[in-house]
Amino acid sequence: MAKVPRNFRLLEELEKGEKGIGDGTISYGLANPDDIFMSDWNGTILGPPHSVHENRIYSLTLHCDQNYPDSAPIVKFISKVNLPCVHASTGRVEPSKLDCLARWSRNYTMETVLSEIRREMATSGRKLPQPPEGSTF
Amino acid sequence: MALSKRIIKETERLLADPAPGIQATPHEDNLRYFDVVMSGPSQSPFEGGSFKLELFLPDDYPMTAPKVRFLTKIYHPNIDRLGRICLDILKDKWSPALQIRTVLLSIQALLSAPNPDDPLANDVAQHWKDNEKDAINTAKEWTAKYAHE
């Protein structure tokens, strides 16, 4: 397989994000539509049903540096959340505590990361007490 | 993955006999990925500018078109804010008989002949249709501001 360069890979992800992913429970888009290097992104996760996160909408930021996708994006929650993989005071998703970030592969995408965080909400974070809805880091 | 003979031949020719005003250089660590520098065509609002582009040959090239975009900001109805280009031969009119060279020459021709009836950047196209003279002035300003290094 040819190695798709960073910018063309991010353009593919952008187009996929613009069309809408699956059932719409996760989404992402460019933070600044003029950013030719496509470094900063906003993500959204809809809290999974049958969990304390049900009906909550979580906002995150994703930063893809010049080495992306050889290196993982930096992911941070804006909305306050209590999850084992999220730093309690900064909102940063700790790479060592989320499997796809810990074992990052070039084939993973921002969608991979957001889906896995949502899965954590439905499993390890399903019953954890949560900060008030609408609070931010 | 080994490069096809076709890509090697095209690259050799691009380097040995470049098209006027177009310079395409493959990355050392990825020979399917090219840095391109294009001079704005004379008699166009982009004259005097030097525009950077990037081009990538996907796995199934030449069965599918190269991927190309501008890295230098440009005010043109068929080029959007992320440098993506609306050009038929990059999409449904692609043919394996075309080459990197023909693609780049077509993009250069698109700079000479903007087509506001098939826009990618809607606001720019509208400007072009409403007041072509003013739009051309903006394009010249952007060329002076962003395409001179």
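Residues numbered from 1 in each chain as written. Chains lettered and ligands numbered in written order. Predicted model: local features only at pLDDT ≥ 70, side-chain atom pairs only at ≥ 80, totals over all residues. Heavy atoms only, no water.

Draft legend 1. Structural context of the overall build of chain B. When its secondary structure is counted, chain B shows 4 helices and 4 strands. Starting at the N terminus, the α and β elements of chain B follow one another as α-β-β-β-β-α-α-α. Once the C-alpha set of chain B is aligned to its principal axes, its extents read approximately 50 × 35 × 20 Å. Buried residues in chain B amount to 48% of all 149 residues. Contacts in chain B between residues at least 24 apart in sequence constitute 54% of all its contacts with a sequence separation of at least 6. When the accessible surface of chain B is split by element, carbon and sulfur atoms take 51% of a total near 7,700 Å². (Helix = DSSP H or I, 4+ residues; strand = E, 2+ residues; numbered from the N terminus. Buried < 20%, exposed > 50% of the residue type's maximum accessible area, 1.4 Å probe, protein only. Contact = heavy atoms within 4.5 Å. Areas by Shrake-Rupley, 256 points an atom, 1.4 Å probe, with all protein chains shown as cover.)

Draft legend 2. Focus on the interface of chain B and chain A. Taken together, the contact between chain B and chain A spans 17 residues of the former and 19 residues of the latter. Carbon and sulfur atoms supply 62% of the area that chain B and chain A bury against each other, a total of about 1,600 Å² over both sides. Connecting chain B to chain A are 2 salt bridges. Of the charged contacts in the structure, one is a salt bridge between Glu15 of chain A and Arg84 of chain B, with a shortest N-O distance of 3.2 Å. Joining chain B to chain A, the criterion identifies 5 residue pairs in polar contact (both at pLDDT 80 or more). Among the elements of the structure, strand E2 (30–39), strand E3 (50–56) and strand E4 (67–70) of chain B are those that each provide at least two residues to the side of chain B that touches chain A. Looking at which element gives the most residues to the side of chain B that touches chain A, the answer is E4 of chain B, with 4 residues. Taken together, the residues of the side of chain B that touches chain A break down into 8 nonpolar, 2 polar and 7 charged. (Buried area = accessible area lost by both parts, 1.4 Å probe. Salt bridge = Lys/Arg side-chain N within 4 Å of Asp/Glu carboxyl O. Polar contact = N/O pair within 3.5 Å; in protein donor to acceptor, adjacent residues only side chain to side chain. Nonpolar A, V, L, I, M, F, W, Y, C, P; charged D, E, K, R; others polar.)

Draft legend 3. Inspection of the UniProt feature "domain: UBC core" (unreviewed entry) in chain A at higher detail. The UniProt feature table records "domain: UBC core" (unreviewed entry) at residues 5–137 of chain A. Secondary structure across residues 5–137 of chain A comprises 23% helix and 17% strand; the distance between its end C-alpha atoms is 33 Å. (UniProt positions renumbered as here; feature names shortened; annotations may be inferred.)

Draft legend 4. Structural detail: the environment of Thr64 of chain B. Residue and element names in this part refer to chain B. Residue placement: Thr64 occurs in the loop between E3 and E4. Accessibility expressed as a relative area gives 28% for Thr64, which makes it partly exposed. Residues Thr64 and Lys91 lie 27 residues apart in sequence; the distance between their C-alpha atoms is 8.6 Å. If we skip the residues at most four places from it in the chain, Thr64 touches Pro58 and Trp94.

Draft legend 5. Summary view of the confidence of the model for chain B. Residues at a pLDDT of 70 or more form 98% of chain B, whose mean pLDDT is 95. Both scores are available for the predicted complex, with the pTM at 0.93 and the ipTM at 0.92. (pLDDT = per-residue confidence, 0-100.)

Draft legend 6. Local environment of the sheet that holds strand E1 (residues 22–27) of chain B. Residue and element names in this part refer to chain B. Reading across the sheet, the 4 strands line up as E1-E2-E3-E4 and stay open at both edges, with antiparallel pairing between neighbours. Of all the strands in the sheet, just E1 and E4 have a single pairing partner and so form its edges. Here the strands of the sheet are splayed against their neighbours by 25 degrees on average, with no regard to which way each runs. Strand direction decides the pairing type here: E3 and E4, joined by 4 bridges, are antiparallel. What sits directly across from Leu55, in E4, is Val68. (Pairing = 2+ DSSP bridges. Axes fitted to C-alpha atoms, helices over the stretch in contact; angles between N-to-C directions.)

Draft legend 7. Structural view of the UniProt feature "active site" (unreviewed entry) in chain B. Taking the numbering used here, the UniProt-annotated feature "active site" (unreviewed entry) corresponds to Cys86 of chain B. Position of Cys86 of chain B among the secondary structure elements: in the loop between E4 and helix H2 (100–112).

Draft legend 8. Representation of the packing of aromatic side chains in the model. Taken as a whole and judged by the stated rule, the model has 12 aromatic pairs over all chains. What links up through ring pairs into an aromatic cluster is the set Tyr75, Trp128, Trp142 and Tyr146 of chain B. (Phe/Tyr/Trp six-rings, centres within 6.5 Å; stacked < 30°, edge-to-face > 60°.)

Draft legend 9. Summary view of helix H3 (residues 110–122) of chain A. Residue and element names in this part refer to chain A. Compared with an ideal rise of 1.5 Å per residue, which puts 13 residues at 18 Å, H3 spans 19 Å between its outermost C-alpha atoms and is within 8% of the ideal. Residues Met110, Val113, Leu114, Glu116, Ile117, Arg118 and Met121 constitute the buried set of H3. Turning to H3, the residues buried within the fold contact helix H1 (6–19), strand E1 (26–30), strand E2 (40–46), strand E3 (57–63), strand E4 (74–77) and helix H2 (99–102). Measuring from the side-chain oxygen of the N-cap residue of H3 to the backbone nitrogen of Glu111 gives 3.2 Å; that N-cap residue is Thr109. (Expected span 1.5 Å × (residues − 1).)

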